[in-house]
Amino acid sequence: MPVTTAAAATAATAAAAATFPVHSFKLITTTLFPRPLLRRLRFATAAAAAAASTSASVPSFEEPPSTPPQQQARSTSYFPKKNQTLELECEGLAYKGKGICKVSGSGFVLLCDRALPGERFVGRVTRKKGNYAEVTKLRTISPHWDIVDAPCEYASYCGGCKTQNLSYEAQVRAKEQQVRELIIHVGKFPSNDPEFPTMMKPIIPCDIQFHYRNKMEFSFGSQRWLPRELFEENRADTEKHALGLHAPGFFDKVLNVNKCLLQSDPANKVLAAIQDCWRDPLLGLSPYDVHSHAGFLKHLMLRTGRDIETGQPEVMVNFVTSSYKPELLKPLVEKITSFPEVVCWPTHLC
C-alpha cells in the first residue's frame, strides 16, 4: 500500500472512531462481516475519504461544457418560455383578428390579440399550444400600417370590434388573404394553376360599414367591468350594475355600453332609453347574478327590420328574465313604446 493511501486510511479510521461511539463497534461481529470483507470495506472507505479531501483541496479549472451560442439562440427562439418578454412585429391577421407574429430568426408562430400588421410591440408569452404560442401585448413601439381613429369609444375594450383602428381597405385585404390561404392549404387548390385567378376573385367591399347588424343582445350584470386605464378616472363612481356586453374573457363581468355602432340608430335610441330608467330604485328591477342566481333582468335583445311596404325601420325589443313577472317590466315598456319604430316587445323566461 502506498504511503499516501495508508496515511489517508489512518486518518479516515481516526475520524470514524471520533465520530462513532466506541460501544457501537462492539455490535459488529466477525460472523456477520468476515475479516477479509472488513479489510476491503476499510480500504474503500479510506480511498473515498482521500478522494474527497483531494477534490476539496485542489480547485478544478475545467468549465462545464456549454451549449454553442447558435444552438442556444435557436432553442430560445423556437421555444419561448411562458412569461418570457419578446419584441415582436405583426406580419398579418389570423382567424378572429389575432395578429400573426414570428420570433426573430425562426419560424415559430405567436398569436397576439389586438396586434395589427406592421405594428412593433413588446409582448409576454402567456400560453403555449404545441407549434405556436399566445402573446399578450404590453406596449406598442411603433404603430401599424393603415392606422385610423376608431369611431367607437368602446373599441379598445370591447371584444366585438377589434380592428376598428385598421382601415376598411386593409381589413378587406386581410380577409381576402385568409380566404386565399384556406382555398390553397385546406381546399388543395393549386395556386400555380393558370385558371386559379379566375376562381379566386377579389372581395367586393360593402358600402355600409356600420349599422348593418339586425340583431344585438346585451346583458344585465351585477358587476360592472372597467378597463385598467379607466379605473382611476371612475373610482368615485359607485354604480356597480351594468347593461352592455361581456368583458373579454369574463362571463360574469359586463362592460356598460350606451351606444353600439353595429346596430341601427332606432335600436340605439331604445338602448339609451332603457339605460336611463332601469336602475331607478323605485322600479324594483335588479340584474341577474350568475353566481348567486339572484336577480330579475338577464338580457336585452334588440332586432331591427324594415316594413315591406314602406321600407321604414322596425324594432323588436325582447326582455329575457329569470321569472315571469310582466308587471315589473311595465315602466320599461311604457318608456320604449314612445318610439314609433318599436312594434313588438315580447318577454322570455329563461
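Above this text sits the structure in question.
Report on the accompanying structure. (Residues numbered from 1 in each chain as written. Predicted model: local features only at pLDDT ≥ 70, side-chain atom pairs only at ≥ 80, totals over all residues. Heavy atoms only, no water.)

**Considerations on the packing of aromatic side chains**
Per the counting criterion, the structure on display carries 1 aromatic pair. Consider the rings of Phe220 and Trp278, whose centres lie 5.0 Å apart with planes at 75°: the pair is edge-to-face. With Phe220 in strand 6 (residues 215-221) and Trp278 in the loop between helix 7 (265-277) and strand 9 (297-306), this residue pair connects regions lying 58 residues apart in the sequence. We note that Phe220, like Trp278, is buried. Taking the ring centre of Tyr288 as reference, the NZ or CZ of Lys298 above it sits at 4.5 Å. (Phe/Tyr/Trp six-rings, centres within 6.5 Å; stacked < 30°, edge-to-face > 60°. Helix = DSSP H or I, 4+ residues; strand = E, 2+ residues; numbered from the N terminus. Buried < 20%, exposed > 50% of the residue type's maximum accessible area, 1.4 Å probe, protein only. Lys NZ or Arg CZ within 6 Å of the ring centre and 35° of its normal.)

**Details of the sheet that holds strand 5 (residues 132-142)**
Ordered by their spatial adjacency, 5 strands build a closed barrel running 1-2-3-5-4, and the pairing between neighbours is mixed. Strand-to-strand, the axes of this sheet are offset by a mean angle of 50°, without reference to chain direction. Examined bridge by bridge, strand 2 (residues 99-102) and strand 3 (residues 109-112) share 4 bridges and lie antiparallel to one another. From the neighbouring strand, Cys101 faces strand 3, where its bridge partner is Leu110. (Pairing = 2+ DSSP bridges. Axes fitted to C-alpha atoms, helices over the stretch in contact; angles between N-to-C directions.)

**Some words on the state of the cysteines**
Using the criterion set out here, one finds 0 disulfides in the structure. With no disulfide of its own, Cys112 lies 5.7 Å from the sulfur of Cys101, the closest cysteine sulfur. (Disulfide = S-S within 2.5 Å.)

**Some details on the pairing of strand 9**
Note that strand 6 and strand 9 share 5 bridges and pair antiparallel. By the bridge assignment for strand 9, Lys215 is matched with Arg303. Sheet topology places strand 9 next to strand 10 (residues 313-321); 9 bridges connect them, and they run antiparallel. Its bridge partner being in strand 10, Leu302 is matched across the sheet by Val317.

**Comments concerning the side chain of Glu119**
Of note, Glu119 is situated in the loop between strand 3 and strand 4 (120-129). On the basis of relative accessible area, Glu119 is assigned to the buried category, the value being 3%. Discounting residues that sit within four places of it in the chain, Glu119 has contacts with Leu88, Glu89, Cys90, Arg114, Lys137, Thr140, Ser142, Pro143 and His144. (Contact = heavy atoms within 4.5 Å.)

**Some points on the pairing of strand 3**
Hairpin connection, strand 2 to strand 3: the antiparallel pair is bridged by 6 residues, and Gly105 has positive phi, about 85°. Across 4 bridges, the pairing between strand 3 and strand 5 is parallel. Paired with Val109 across the strands is Tyr132, a residue of strand 5.

**Quick word on the layout of surface pockets**
Its boundaries defined by the atoms lining it, the largest pocket holds a volume of some 1100 Å³. Lining the largest pocket are 35 residues, and of these Asp113, Arg114, Thr136, Lys137 and Ser156 sit closest to its centre. For the lining of the largest pocket, the secondary structure elements donating two or more residues are strand 3, strand 4, strand 5 and helix 6 (228-231). With 7 residues, strand 5 is the largest single contributor of residues to the lining of the largest pocket. Taken together, 29 residues line the second largest pocket, and the ones lying closest to its centre are Gly160, Cys161, Thr163, Gln171 and Tyr212. Broken down by element, the residue count for the lining of the second largest pocket peaks at 6 residues, all from helix 4 (residues 168-186). Per-class residue counts for the lining of the second largest pocket are 15 nonpolar, 9 polar and 5 charged. (1 Å grid on protein atoms, 1.4 Å probe; cavity = no way out; pocket = protein on both sides within 12 Å on 5 of 7 lines; lining within 4 Å. Points joined across faces, edges and corners; volume = space filled by probe spheres on them. Nonpolar A, V, L, I, M, F, W, Y, C, P; charged D, E, K, R; others polar.)

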